[in-house]
Structure formats: structure tokens, C-alpha cells
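Listed here are the chains, written in short residue letters.
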Amino acid sequence: MKKFLSVMLLAGILIFVGSQAEAASRDERDFIGAAYEAKVVNCNEWISLRYSPSASSERIATIPLGAIVTVYDGDAAGIDGFYPVEYRGMKGYCLKEYLRYYSGGGAPRH
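Every residue gets a number counted from 1 within its own chain, in the order that chain's sequence is written. Owing to the predicted nature of the model, reporting of local features is limited to residues with pLDDT of at least 70; listing and counting of side-chain atom pairs is limited to 80 or more, with chain, interface and lining totals taken over all residues. The basis for the side-chain values is all heavy atoms of the structure; hydrogens and waters are excluded.

Peer 1: Could you give an account of the overall build of the protein, naming the residues involved and the relevant values?
Peer 2: Along the protein, the regular secondary structure elements total 1 helix and 7 strands. Runs of H or I in DSSP of at least four residues are treated as helices and runs of E of at least two as strands, each being numbered from the N terminus. Scanning the protein from its N terminus toward the C terminus, one meets helices and strands in the order α-β-β-β-β-β-β-β. Each residue gets one of three labels from its accessible area relative to the maximum for its type: buried under 20%, exposed over 50%, partly exposed in between, using a 1.4 Å probe on protein chains only. Among the 110 residues that make up the protein, the fraction classed as buried is 29%. Any two residues having at least one pair of non-hydrogen atoms within 4.5 Å are treated as being in contact. Long-range pairs, those at least 24 residues apart, make up 61% of the contacts in the protein between residues at least 6 apart in sequence. A 1.4 Å probe and the Shrake-Rupley method give the accessible areas. Residues count as covered only by the protein chains that appear here. Accessible surface computed for the protein: about 7200 Å², of which carbon and sulfur atoms make up 55%.

Right, here's the structure in full:
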């Protein structure tokens, strides 16, 4: 009986951890569809490009102030203040407060 309870507890933990990992993972469908360019603003030097739309998610890269990114208007747009973006071929999520719509005009592309 003790062994059975241990196995059941372990199974429960694995299911919980698996569901949490799935919730924190990104969906590639966030990076298709309508897109526009935005400029990185309102930061001192750079912002984080995160793997999933969460401040605790793994940082993929840093994006410098003034850089231009592609913002996707997918299902995840605006969830917890994050938007799906692409920067130098890397896809991830950035906080909206650091992005401003950009309509061209020779701004730097970092």
C-alpha cells in the first residue's frame, strides 16, 4: 500500500509539472498572420525577448533601445501585457509597454 501511494504521488507531481510546462510553452501559431513593425522604446538600454509570455520565462536575447522588431497580432497578442515578436530571426515575447508602432523612415535596424 505504501508503494502504491508513493507511485500515485509521483504520478500526480509529474502531471502537475507537465501541465505547468505546457502552460508556459509558446505556441508557434502566435507568430503567423498579421504583423507590423515596432520600435523598442521606454527603456534604458535594452529589453528582454522571452521564450513565453511571462516575466519569469527564459530570456532568449536582449533587444537594444531603438531596434525595430516585427510584432505579430496573433492569439497571444496582449496576454499579460506581452506581444509575440520576431527580432533577428528569433521569435519570442516582449512587454507591450516597450514597443511603439513604427511606420518606417530610416530608423536603425539593430
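Peer 1: Tell me about the pairing of strand 2 (residues 46-50), and name the residues and values.
Peer 2: The buried fraction of strand 2 is high, at 4 of 5 residues. For two strands to be treated as a pair, DSSP must find no fewer than two bridges joining them. Where strand 2 and strand 3 (residues 59-64) come together, 5 bridges link them in antiparallel fashion. When the bridges of strand 3 are listed, leucine 49 appears paired with alanine 61.

Peer 1: Pulling in residues and values, what's your account of the packing of aromatic side chains?
Peer 2: Aromatic pairs are defined between Phe, Tyr and Trp rings, using the six-membered ring for Trp, whenever the two ring centres lie within 6.5 Å; interplanar angles under 30 degrees are classed as stacked, those over 60 as edge-to-face, and all others as tilted. Counted by the stated rule, this structure contains 3 aromatic pairs. A centroid spacing of 5.9 Å and a plane angle of 80° characterise the contact between phenylalanine 31 and tyrosine 72, whose relative ring orientation is edge-to-face. With phenylalanine 31 in the loop between helix 1 (2-24) and strand 1 (35-40) and tyrosine 72 in strand 4 (residues 68-72), this pair connects stretches of sequence that are 41 residues apart. Each member of the pair, phenylalanine 31 as well as tyrosine 72, carries the same accessibility label: buried. Residues tyrosine 36 and tyrosine 101 carry aromatic rings whose centres are separated by 5.8 Å and whose planes lie at 45° to one another, so their mutual orientation is tilted. In this pair, tyrosine 36 sits in strand 1 while tyrosine 101 sits in strand 7 (residues 99-101), placing the two residues 65 residues apart along the sequence. The exposed category is assigned to tyrosine 101, whose relative accessible area is 58%. Among the aromatic residues, ring-to-ring pairing joins Phe31, Tyr72 and Tyr93 into one connected group.

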